[in-house]
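Inside the fold
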Amino acid sequence: MSSQARITAVLGPTNTGKTHYAIERMLGHRTGVIGLPLRLLAREVYDRIVAARGPSVVALVTGEERIVPPRTQYWVCTVEAMPEGLGADFVAIDEIQLCADPERGHVFTDRLLRARGQNETMFLGSDTMKGTMVTLVPGVEFLRRERMSTLSYSGSRKISRMQPRSAIVGFSVDNVYAIAELIRRQKGGAAVVMGALSPRTRNAQVELYQNGDVDYLVATDAIGMGLNLDIDHVAFSATTKFDGRRMRPLAPNELAQIAGRAGRGMSHGTFGVTGEAPPLHPEVAEAIMDHRFTPIKKLNWRNARLEFGTVAALIRSLEENPRDEMLVKAREADDLMALKSMERSAEVMARASSAPSVRLLWDVCRIPDFRGISHAEHASLIEGIFGYLHESGRVPDDWMARQVKRLDRTDGDIDTLSKRLAYIRTWTYVAQRNGWVDDENHWRGETRAVEDRLSDALHERLTQRFVDRRTSVLLRRLKQKEALLADVNDKGEVTVEGEFVGRLEGFRFIADKEATGQEAKTLKQASLQALAPQFHLRADRFYNAPDTEIDFTEQGGLMWGEHAVGKLVAGADALKPGVEVFVDDEAGAEVVQKVQRRLQHFIDRKIAALFEPLLNLSKDEELSGLARGFAFRMVENLGVITRGDVATEVKELDQDARGALRKHGIRFGQFTIFMPLLLKPAPTRLRLVLWSLANGLQEFPEAPPPGLVTVPAGQGLPQGYHTMAGYRAAGERAIRIDMLERLADMLRVEDSRGGFEAKADMLSITGMTLEQFADLMQGLGYKAEKGEREKVKPVEEAAPAEAPKEDAATEEAPAVEAEAPVEAQTEAPAEAAADAAPETEVFFTFTWGGNRQNNRGPRRERGQQQGGRRDQQGDKPRGKGKPKGKGGPRRDNSAKSFQARPPKKEKAIDPDNPFAAALMGLKEKG
C-alpha cells in the first residue's frame, strides 16, 4: 500500500447516498474491490457496475455465485468472500457498523483492520463507529453525509389501515408469511423479501412491488442493508429478534437501519409499529428521527493469523483472546463448531495429519450451514466432503450428480421449495471453490440452473399464495386510468377483463367472497363501471314485477326473489311502516326512488289485504262514543288485546256498542278480545313484524309454527309477544287464545270448589298430556293436586245405563257422567285381578286457586243488595260463567223473562266461578 493511500470513513444515516458515492469513487480507479453485507445487495451493485462498464471487466463473488471474467478490473463481493492479496487500487467495505454484530462481526472487524487499497480505502456505515475508528484506524478521515429526506415516527397502525407503498418487517420466516397472508386478504397482495431467498427470487418479488402490481412489501431485516426500494413507510411487527442464540431486543441503531429504508431520494418517509409490537419509547423514536445513537465501543474480533500445524493448534489460534481493550472475543461461530466436531472423529483426525490437510479441513468447515437442520447433520456432510477431497482431491462427479439431481424438482409448496433452495446452495458453494470438482464450469452451471428453476418456482408459489393476480391487474389498470372491459350476465355475475369479480344481488354489487379488504374495494371500484346501465334496467323490471315476486321476512327484510332489496322501518303508525332500500350509491337517485316506491306499494297492499277487518273497523264512521274509542284501541293493538288491559272500557260498553263491534268480527273472550280472522298465520306473521318495528326491537321474535295449539312459553321474550302471536302464556307453555276460550267454556260447568278432573275433550283441544295440562291449569290460576288410584278396567257387555229423562239435559248431566267410572269400578268382578297386582293411574284434581273465604261473604251480600236473581230453591246467583252446583236441587226449567239492567246494576259474581277473583279485581279497579 502506498504511503500516500487515503483512508476515508463515510458515515451517516440511511438514504445519504453512501454506497452510490463509493461506486463512483471505485470507478474512478483502474481496479477496485467492494465488500457488501448481503449477496442480494452484491448482485444489485454488480448489475449497476455492469450497466456502466460492461460484463467483461466486472466480477461477482459470493458464497454461492462466482462470475470472474479474464480481464476483471472491479470485484463486487460479499464481505466474507472478498479475495485477499489482489493489490487493487480501491477497497471499500459497506455497513462497517456490523463489526459489532455478534454473529458476523469478526469478519467485518478483520476487514476494518487489514483490508486496504493501494490508493484509497473507504469504509461506509453509521456514525456510531466514529470513536472506535479513530482509535483502531490511524490516519482515517471522516466524511459526514446528511440524509436527503426526513424520517418521522407515526406510531402504531393496524395492518388493515396500512398506507400503500409500505414495508412490514418481521424477524422470522413464519412471521413474514403470516403477515403476507393477512395483507393478501385485506389489501390484495404483498411481495416477500428475505435474505434466504436467492437473488433471482428476490428480484422477481421486488419487481412485483416496484412495478405497482402490489403496494405492500413484507420483509426481514435484510431490507435494512442497502436495498434501495420505493418505500414510503416502514412498520415493525416486532422489536425483538432471534440472533442465532437467543431472543433479544433490537437496539435503536438497528431499528434505525431498517426504518431508514422509508423515504428514498428526496421523498420523505415514516416508520412505526404494527401487529403485536408495542409502541416505541419516545426516546427511541426521537433518537431514530435525529440519528443519535450510543457509540459502538466494542468490536467483535477473531484471530486471522491461524496456525495449521495440527487441528488442536488451529483451534487454539481461533480461540485466541484479543489484546486491544476495544476488541472482544467473538462468540463461537458455526465454522469453529464444525471444526470441533471434526476433532472428535478418529477418521478425520487420521486424515488431518499435516498442515495442508488441516488447511483443507478448515476450508471445508467454512461451508455455511445453509440447511440449518442440526449441527450433527452438518458435521456429517462436512466429514463426507472432506473425505472425498482428502482422498482424491475432488468431489466425485457421480456423488455430486446424485445430490444435485435429488434437488432438481419444482413440485411442492413454499416450504418444500425453500428447503430445496437452501440445500442446493450447499452444492453451489462447493462448485464455486477452486479445485473441489473436476469440471468447475459444468457444475457451476448445473447448480446455478437448478437454483434458478427452484427460484422461479418459489417466486410463482409466493405470488400464488400472497398476491391476487386479478387484483394486481385491476389496481394497475385503475392507476393508469385505463378503460376496463366489464360484463354482467343474466344471472347477475360480473366479469372484468374476463375475470369473475362478483355478482349483482338485487341492487347491490357483492364482490367475490374470496376477495377481502383492499382487494374487495378494488373489485367493486372496477365492477361498478359496468353496472350503471344494469341498475336502470333492473329497476324498471322490479317496478313492474307482481307482488308475488316480493315478500317480507320475519326480521322485517324485503326480498325480491332470493335477494334482499330493502327493509321495513317504523313509521308514524304501526300499520303504516316506512321502507329503507338496499341500493348502491353508484346506482343513482332515480333508481333509489323507483325501488323505494315499489316496495312501499307492496307493503301497503300487503297490510290492506291481511288486515282488512281491522282497517274496515278504523274506517267505520257509524261507530261513536265508547265503541269508537274501543275500536281505536283494537286498531292500535293490531286486533288483539288482553282483556285485563281494557277491563274498564269493556265494562262500560253497552249491548248496542258490543253488537256494533261484533259486526266487525270482534270476539269478547274471557281472557282476550280479538278478531279471529287476524289469528291466521299470515296476519300473525305480519303483525309481529309491525309490532316489533313499532316497539323498536333490535331482533324481531318469530311467529310460532302454524297449526299448533300450544307452544313452549320460552324465556327472554319481549313483553306482549305472546298476545301479538295469538297465544297466552300459562306455565311452561302458551296456548292459542281461541282455544283458550273454548277451554274456558268447558271449565264453566265444572265444580271448581269441590274439585274436578280433566275431561278427554279438554286434553283433546289443547293437545296436551295430563302432566302438561296440569301445568297449564296452574298457569291459569288453578291448584292441581296429584294423586294415584287403582286403574279402572272397562266392564265387558255392561248393561246400558238408564236413559236420562228429557229434562235431565241440565247442569246435573255432566255430574252423572263423571261418576259413571266410579260406579263401574265398584261393580267390576274382583276375581279378574285376584292373581295380579292392581294397575294404578295418576290423576289430578283441579280447584280454583283464589281465596274464597275472604270474598264469599261480601260478594254474596253485594249480589243480594244488587238484586241478583235467585232460583226457586234459593240457589246461589246465576249468570254466565258461574260454576253450577253438583248434585243440588234441580232448577225450574219453565220459561222465564229477562230484562236489561243499567250497567252498574250487575249480577253478583259467583265466588265459585273459576275466574271470580280476577273479575272481582277488575271490577274493584274500575
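Right above here is the structure, for reference.
Figured I'd write up the structure that's included with this text. (Residues numbered from 1 in each chain as written. Predicted model: local features only at pLDDT ≥ 70, side-chain atom pairs only at ≥ 80, totals over all residues. Heavy atoms only, no water.)

1. Focus on the environment of P676
Here P676 lies in the loop between strand 29 (672-674) and helix 24 (681-694). Given the relative accessible area of 39%, P676 is considered partly exposed. Residues in contact with P676, not counting those within four places in the same chain, are G665 and R667. (Helix = DSSP H or I, 4+ residues; strand = E, 2+ residues; numbered from the N terminus. Buried < 20%, exposed > 50% of the residue type's maximum accessible area, 1.4 Å probe, protein only. Contact = heavy atoms within 4.5 Å.)

2. Description of the sheet that holds strand 13 (residues 233-236)
The six strands are arranged 9-16-13-10-12-11 in an open sheet whose pairing can be described as parallel. Across the chains shown, the open sheet's two edge strands, defined by having one partner strand only, are strand 9 (151-156) and strand 11 (191-193). Across this sheet, the average inter-strand angle for adjacent strands is 25 degrees, counted without regard to direction. Here strand 11 runs beside strand 12 (residues 216-219); their pairing, made up of three bridges, is parallel. Across the sheet, the residue bridging to A191 is L217, located in strand 12. Contacting strand 9, strand 10 (166-169), strand 13 and strand 16 (269-273), helix 7 (residues 252-259) runs over the sheet at an angle of about 140 degrees to strand 13. Helix 8 (residues 282-290) contacts strand 9 and strand 16 of the sheet and is inclined by roughly 155 degrees relative to strand 9. (Pairing = 2+ DSSP bridges. Axes fitted to C-alpha atoms, helices over the stretch in contact; angles between N-to-C directions.)

3. Some details on the packing of helix 15 (residues 414-432) against helix 16 (residues 440-466)
Contact pair helix 15 / helix 16: the axes reach a minimum separation of 9 Å and the direction vectors enclose 160 degrees. The angle between the axes of helix 15 and helix 16 places the two elements in the roughly antiparallel class. Helix-helix and strand crossings are classified by hand; for helix 15 and helix 16 the assignment is left-handed. When its residues are assigned to classes, the contact of helix 15 with helix 16 shows 13 nonpolar, five polar and seven charged. (Parallel < 35°, antiparallel > 145°, perpendicular 65-115°, else oblique. Left-handed = near helix turned anticlockwise from the far one by under 90°. Nonpolar A, V, L, I, M, F, W, Y, C, P; charged D, E, K, R; others polar.)

4. A look at the nonpolar core
Within the largest apolar cluster, 65 residues are counted, with the highest numbers of intra-cluster contacts made by F507, L575, L599, L617, F630 and L661. Setting aside residues up to four positions removed in sequence, L661 forms contacts with L617, L623, A627, F630, A631, L653, I666 and F668. If you look at the next biggest cluster of nonpolar residues, it comprises 62 residues, including M162, L361, V395 and V450. (Core = buried A, V, L, I, M, F, W, Y, C linked by side-chain atoms within 4.5 Å.)

5. Comments concerning the environment of G117
Within the element layout of this structure, G117 appears in the loop between helix 3 (105-114) and strand 7 (120-125). Given a relative accessible area of 0%, G117 falls into the buried group. In sequence terms G117 and A92 are 25 residues apart; their C-alpha atoms lie 8.1 Å from each other.

6. Quick word on helix 15
Over its 19 residues, helix 15 extends 27 Å from the first C-alpha to the last, a length consistent with the 27 Å expected when each residue adds 1.5 Å. Counting buried positions along helix 15 yields 14 of 19 residues, so the element is predominantly enclosed. (Expected span 1.5 Å × (residues − 1).)

7. Comments concerning the pairing of strand 7
Across a regular strand the side chains alternate sides, sitting on one face of the sheet and then on the other. Most of strand 7 is tucked away, with six of its six residues classed as buried. In strand 7, alternate side chains face the same way, and those of E120, M122 and L124 on one face and T121, F123 and G125 on the other are all buried. Two elements, strand 1 (residues 6-11) and strand 7, share six bridges in a ladder whose sense is parallel. From the neighbouring strand, T8 faces strand 7, where its bridge partner is M122.

8. Some points on the packing of aromatic side chains
Taken as a whole and judged by the stated rule, the model has 14 aromatic pairs. Judged by centre distance (6.0 Å) and plane angle (90 degrees), the rings of F756 and Y782 are edge-to-face. You can see F756 sitting in the loop between helix 26 (737-747) and helix 27 (760-766) and its partner Y782 sitting in strand 33 (residues 782-790), a full 26 residues away along the chain. What makes Y782 buried here is its relative accessible area of 4%. A centroid spacing of 5.0 Å and a plane angle of 85 degrees characterise the contact between Y782 and W848, whose relative ring orientation is edge-to-face. Pair noted here: Y782 is in strand 33 and W848 is in strand 34 (residues 840-848), with a separation of 66 residues, a long-range link. Overall, the relative accessible area of 10% leaves W848 in the buried class. What links up through ring pairs into an aromatic cluster is the set F756, F773, Y782, F844, F846 and W848. Its guanidinium or amino end placed over the ring of F142, K130 lies 5.3 Å from that ring's centre, counting from NZ or CZ. The ring of F843 carries R789 above its face, with NZ or CZ at 4.4 Å from the centroid. (Phe/Tyr/Trp six-rings, centres within 6.5 Å; stacked < 30°, edge-to-face > 60°. Lys NZ or Arg CZ within 6 Å of the ring centre and 35° of its normal.)

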